[in-house]
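For reference, the chains in residue letters:
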There are 2 protein chains.
Amino acid sequence: MTNPTAAMLVIGDEILSGRTRDANMYHLAGELTKVGIDLKEVRVVSDDAPAIVAAVKALSSAYGTVFTSGGIGPTHDDITADCIAAAFDDHIDVRDDARALLQAHYDRNGQELNDARLRMARIPDSATLIDNPVSIAPGFTVQNVHVMAGVPSVFQAMVATILPTLSGGAPLLSETLRIDRGEGDIAGPLANLAASYADLSVGSYPFQKDGRYGSNIVIRGQDAARVSAALTDLKAAFPT
Amino acid sequence: MTNPTAAMLVIGDEILSGRTRDANMYHLAGELTKVGIDLKEVRVVSDDAPAIVAAVKALSSAYGTVFTSGGIGPTHDDITADCIAAAFDDHIDVRDDARALLQAHYDRNGQELNDARLRMARIPDSATLIDNPVSIAPGFTVQNVHVMAGVPSVFQAMVATILPTLSGGAPLLSETLRIDRGEGDIAGPLANLAASYADLSVGSYPFQKDGRYGSNIVIRGQDAARVSAALTDLKAAFPT
């Protein structure tokens, strides 16, 4: 059985300039693995309309589901919503349902729904809104693309809203064995194991610590009995 | 003046499965910014040959320089070198210069240069080697693509070797002002500032902390006087 596929598009100069270390990709990758959706590709692009439009089109046609992060706030560099509309040839303007959410929120807080904030109600015509329990301004979904905020607390809340609506496959199970030997010593037997368990994924993630080499061997698959059998064989091949 | 452009390709299931949080992208982004090379795009793909080949081709033709990370070790899931050769229609086999490096290293350590380790001497014919002071097995460069290890200590050492060989532009200078008000309150004046300083990049990176909203405004550019003038105007627009 093949799991559904997904991709992520991270929009924002702050990652590409090295100012900020990514948190949203790491969060989404972990959540998708839990529900049996295979994250196949991530792209990070800058706040540049042609780059965003091209990436949305490419990922949307290549994978089952696409998640975007960033660029839907009120400031001049927030251009994601307009780019999504352009990618899907959709019309975009301030939408009444999004405006009503924002109006109620700012009325409650005694703040003005000014032109800048109203930009956050710009939503493509065909989109459905994604609830934002943290700061109200909604994300939205157009076709297979879920458009979410870049602020990690808001991104995570939106992911939690979206994930239960998606059909995952069997959750990907994994077992890890740490082997305190260099990859060059273990690669031969490991390749044999991988060949014997072609239905599983067998990955080797080397590390170096205090001048010594080792590797974490990760066995992944959907069938618990097979994963367990492979782990047993792996332990037998590399007794401690 | 436009800075040279770069892209990065991260190869490895461990990032996409959420097992590992990226470190190499964050490191490279910061180093490139320091030397005035604009990192324009990052892609993360799995240990899958067609995906790697397609990404290498796309990034290599679109950007001035490409850096890859991961997949050049001795285990069965290390397929990057063969994919690079395929992307550039180059021949690949164990190369004498790389083999000699490995042979000397393993002789010194009393270890065997077995078939698995010899895989790390598979280098495309047209490549030049990248020194690996940490664990010897070299990276390599084909055309505008620099192929480096995924283990962060090795990746960083290879980046340190490569960067002085590249021609950067003027280093990108940046000034950051933290404003403890929501983006909706500052977006209007900020857009005016960005319009007045069209030669600079003015980014707003919102945060939420202890239930309060704020944003870090980052002004970036190559002309110190202009960046400084914009910062002065920004502070005047948002007195503390």
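Sequence order as written defines the numbering, with residues in each chain counted from 1. Chains carry letters from A onward and ligands carry numbers from 1 onward, assigned in written order. Only residues with pLDDT of 70 or above have their local features reported here, since the model is predicted, and side-chain atom pairs are shown and tallied only from 80 upward, although totals for entire chains, interfaces and linings are computed over all residues.

### Remarks on the packing of helix H2 (residues 24-34) of chain B against helix H7 (residues 152-162) of chain B
Residues and elements named next belong to chain B. To keep it simple, the criterion reads: Each axis is a line fitted through C-alpha atoms, taken for helices only over the stretch in contact, and angles between the N-to-C directions span 0 to 180 degrees. Think of it this way: any DSSP run of H or I at least four residues long counts as a helix, any run of E at least two long counts as a strand, and we number them from the N terminus. Here the word oblique covers every angle except those under 35 degrees (roughly parallel), over 145 (roughly antiparallel) and from 65 to 115 (roughly perpendicular). A crossing counts as left-handed when the near helix is turned anticlockwise from the far one by less than a right angle, and as right-handed when that turn is clockwise. Once C-beta atoms are placed from the backbone, any two residues with those atoms within 7 Å are in contact. Each residue receives one of three labels: charged for Asp, Glu, Lys and Arg, nonpolar for Ala, Val, Leu, Ile, Met, Phe, Trp, Tyr, Cys and Pro, and polar for the others, Gly being one of them.
Direction vectors running N to C along H2 and H7 enclose 20 degrees, while the axes themselves pass 10 Å from each other. With respect to H7, the axis of H2 lies roughly parallel. For the pair H2 and H7, the crossing hand works out as right-handed. Side by side, H2 and H7 meet where Asn-24, His-27, Leu-28 and Glu-31 of the first sit next to Pro-152, Phe-155, Gln-156 and Val-159 of the second. Residue classes in the contact of H2 with H7 are distributed as four nonpolar, three polar and one charged.

### Concerning the pairing of strand E11 (residues 212-221) of chain B
All names here are of chain B. The criterion, for reference: In this scheme, strands are said to pair when DSSP sees at least two bridges between them.
Sheet analysis places strand E9 (residues 173-179) next to E11, joined by seven bridges and oriented antiparallel. Note on E11: the bridge partner recorded for Glu-175 is Ile-219. Counted between consecutive antiparallel strands, the loop separating strand E10 (residues 201-209) from E11 contains two residues, among which Asp-210 sits at a positive phi close to 50 degrees.

### Some thoughts on the packing of helix H3 (residues 49-62) of chain B against helix H4 (residues 80-87) of chain B
Residues and elements named next belong to chain B. Direction vectors running N to C along H3 and H4 enclose 50 degrees, while the axes themselves pass 9 Å from each other. Relative to H4, H3 is oriented oblique. Considering the relative orientation of H3 and H4, their crossing is right-handed. Packed against H3, whose contacting residues are Ala-49, Ile-52, Val-53, Val-56 and Lys-57, the element H4 presents Thr-80, Cys-83, Ile-84, Ala-86 and Ala-87 at the interface. In terms of residue class, the contact of H3 with H4 is built from eight nonpolar, one polar and one charged.

### Side note on unusual backbone geometry
Heads up, the condition is: Partly exposed residues are those whose C-beta has more than 12 but fewer than 20 other C-beta atoms within 10 Å; 20 or more makes a residue buried and 12 or fewer makes it exposed, with C-beta atoms placed from the backbone.
With a phi close to 75 degrees, Ile-136 of chain A is a non-glycine residue in the positive phi region. With respect to the element layout, Ile-136 of chain A can be found in the loop between strand E6 (128-130) and strand E7 (139-142). The class for Ile-136 of chain A is partly exposed, based on 18 C-beta atoms found within 10 Å. Positive phi is not limited to glycine here, since Asp-89 of chain B has a value of about 50 degrees.

### A closer look at the relation of the copies chain A and chain B
Just so we agree on the cut-off: To line up the copies, we fit them by least squares on C-alpha atoms, keeping just the residues with pLDDT of at least 70 in both.
Once turned by 180 degrees and shifted 0.0 Å along the axis, chain A lies on chain B with an RMSD of 0.0 Å. Given the turn and translation reported, the copies of this chain are related as if by a two-fold rotation axis. For chain A, the smallest separation between a C-alpha atom and the rotation axis is recorded for Arg-43 of chain A, amounting to 2.2 Å.

### Observations regarding the confidence of the model for chain A
As a general rule, the predicted coordinates of low-pLDDT regions are not to be interpreted in detail. Selection rule: The quantity called pLDDT is the predictor's confidence in a given residue, expressed from 0 to 100.
Predicted confidence across chain A gives a mean pLDDT of 92, with 100% of residues reaching 70 or more. Here the predicted complex carries an ipTM of 0.87, next to a pTM of 0.88.

### What to know about the sheet that holds strand E9 (residues 173-179) of chain A
All names here are of chain A. Taken in spatial order, the three strands make up an open sheet running E9-E11-E10, and their pairing is antiparallel. Looking at strand neighbours, the two that pair on one side only are E9 and strand E10 (201-209), the edges of this open sheet. Averaged over all adjacent pairs, the angle separating strand axes in this sheet is 20 degrees, with direction ignored.

### Concerning the sheet that holds strand E3 (residues 65-69) of chain A
Here 12 strands make up an open sheet; going across it, the order is E6(A)-E7(A)-E8(A)-E3(A)-E1(A)-E2(A)-E2(B)-E1(B)-E3(B)-E8(B)-E7(B)-E6(B) and the pairing mixed. Where the open sheet ends on each side, the last strands, each with one partner, are E6 of chain A together with strand E6 (128-130) of chain B. In this sheet, adjacent strand axes meet at a mean angle of 20 degrees when their direction is disregarded. Bridging between strand E3 (residues 65-69) of chain B and strand E8 (residues 145-148) of chain B involves four bridges; their strand directions are parallel. Residue Val-66 of chain B lies in a different strand from E8 of chain B, and its bridge partner there is Val-145 of chain B.

### Focus on the interface of chain A and chain B
Accessible area lost on assembly of the parts is the figure often given for the size of an interface. Taken residue by residue, the interface counts 50 residues in chain A and 50 residues in chain B. If you list the elements that add at least two residues to the side of chain A that touches chain B, you get helix H1 (13-16), helix H2 (24-34), strand E2 (38-45), helix H6 (115-118), helix H8 (183-196) and E10 of chain A. Taken together, the residues of the side of chain A that touches chain B sort by class into 21 nonpolar, 17 polar and 12 charged. One ladder, built from five bridges, connects E2 of chain A with strand E2 (residues 38-45) of chain B; its direction is antiparallel. Within E2 of chain B, the residue paired with Val-44 of chain A across the bridge is Val-42 of chain B.

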